[in-house]
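# Examining the three-dimensional arrangement
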Amino acid sequence: MRFLGRYVIFVCLFITAFCLISCEKKKEGKVIVTDTEYTLRHDAERSWTLDATGKVKNIGDVDVKKVVITGYCRSCGEVIAMGKWFISDVEKFPSQKDTISYLAAGADEDFKVKEVVFYWGVEKPKSIPEKLEIVIESFETVD
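In what follows, the accompanying structure is described. In this text the structure is predicted, and so the values were computed from the model without any measurement.

## Points about the overall build of the protein
Within the protein, the secondary structure is distributed over 1 helix and 7 strands. Listed N to C, the secondary structure of the protein is α-β-β-β-β-β-β-β in terms of helices and strands. Put simply, 76% of the contacts in the protein that link residues at least 6 apart link residues at least 24 apart.

Set out below in structure tokens:
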């Protein structure tokens, strides 16, 4: 009978230890945009495009791969109108994204995203849109 009691206690301790070990917080990657610069490009007679360049940094605990960066304009419409900034309502083209294949923990890397927003008009736009943002769309952690 004592053997059975010791066996039950041993099994309970083993299960408790296993649960505590499996609950350990896993290290995760975190990537942020640290610097952004927008460039106006005149690409046709009455058409301008805004491109973005900058840097991203891995501030997480582990290395990451396949970091996808893209841009959004939250204040732009989807309708093409003379003298207004607009975006495309279709899925982003590869030129509208940049992919960094590998980014070590603590490292930073340059990115370039073309065609964040578009402008159609007779004259060059006087200012860029208000709610522009460059975002990390996705990434994977390296095991």
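So, next bit.
## Thoughts on the nonpolar core
In terms of nonpolar packing, the biggest core is built from 20 residues, with Val 56, Ile 69, Val 116 and Val 117 touching the most fellow members. Residue assignment for this core shows that the elements contributing at least two residues are β2 (47-58), β3 (64-73), β5 (97-103), β6 (108-120) and β7 (132-141). When residues of this core are assigned to their parent elements, the largest contribution, 5 residues, is made by β6. Not counting chain neighbours up to four residues away, the residues in contact with Val 116 comprise Leu 50, Ala 52, Gly 71, Tyr 72, Ile 87, Leu 132 and Ile 134.

## Digging into the side chain of Thr 49
Its location among the elements puts Thr 49 in strand β2. At 2.6 Å, the side chain of Thr 49 forms a polar contact with the side chain of Asp 43. Apart from residues no more than four positions distant in its own chain, Thr 49 is found in contact with Thr 39, Leu 40, Arg 41, Asp 43, Glu 115, Val 117 and Phe 118.

## Details of unusual backbone geometry
Despite not being glycine, Lys 66 has its phi angle at roughly 55 degrees, a positive value. Looking at the element boundaries, Lys 66 is found in strand β3. Backbone geometry at Glu 115 places phi at a positive 55 degrees, although glycine is not the residue there. Inspection of the secondary structure assignment puts Glu 115 in strand β6.

## Things to note about a nonpolar patch on the surface
On the surface, a nonpolar cluster with roughly 400 Å² of combined accessible area is contributed by Ile 80, Met 82, Trp 120 and Val 122. Position of Met 82 among the secondary structure elements: in the loop between β3 and β4 (84-86).

## So, the sheet that holds β7
Across a sheet, strands are paired by hydrogen bonds formed along the backbone, either parallel or antiparallel in direction. The strand order across the open sheet built from 3 strands is β5-β3-β7, with neighbouring strands paired in antiparallel fashion. With one partner strand each, in any of the chains shown, β5 and β7 form the two edges of the open sheet. Shown here is a sheet whose adjacent strand axes are inclined to one another by a mean of 20 degrees, direction ignored. In this structure, β3 lies alongside β7, joined through 8 bridges in antiparallel fashion. Paired with Val 64 across the strands is Thr 141, a residue of β7.

## Observations regarding the environment of Gly 83
Within the fold, Gly 83 resides in the loop between β3 and β4. The class of Gly 83 is partly exposed, set by a relative accessible area of 38%. Counting along the chain gives 37 residues from Gly 83 to Arg 46, while the straight-line C-alpha distance between them is 9.9 Å. With sequence-adjacent residues up to four places away left out, Gly 83 is seen in contact with Tyr 119, Trp 120 and Gly 121.

## Details of the pairing of β3
Within β3, 7 of the 10 residues are buried, which leaves it mostly tucked inside the rest of the structure. Note that β3 and β5 share 6 bridges and pair antiparallel. Within β5, the residue paired with Ile 69 across the bridge is Asp 98.

Conventions used here
Residues numbered from 1 in each chain as written. Predicted model: local features only at pLDDT ≥ 70, side-chain atom pairs only at ≥ 80, totals over all residues. Heavy atoms only, no water. Helix = DSSP H or I, 4+ residues; strand = E, 2+ residues; numbered from the N terminus. Contact = heavy atoms within 4.5 Å. Core = buried A, V, L, I, M, F, W, Y, C linked by side-chain atoms within 4.5 Å. Buried < 20%, exposed > 50% of the residue type's maximum accessible area, 1.4 Å probe, protein only. Polar contact = N/O pair within 3.5 Å; in protein donor to acceptor, adjacent residues only side chain to side chain. Patch = residues over 30% accessible without salt bridge, like charges linked within 9 Å, V, L, I, M, F, W, Y side chains within 5 Å. Areas by Shrake-Rupley, 256 points an atom, 1.4 Å probe, with all protein chains shown as cover. Salt bridge = Lys/Arg side-chain N within 4 Å of Asp/Glu carboxyl O. Pairing = 2+ DSSP bridges. Axes fitted to C-alpha atoms, helices over the stretch in contact; angles between N-to-C directions.

Note that every value here comes from positions in space, so none of it alone points to a role or purpose.
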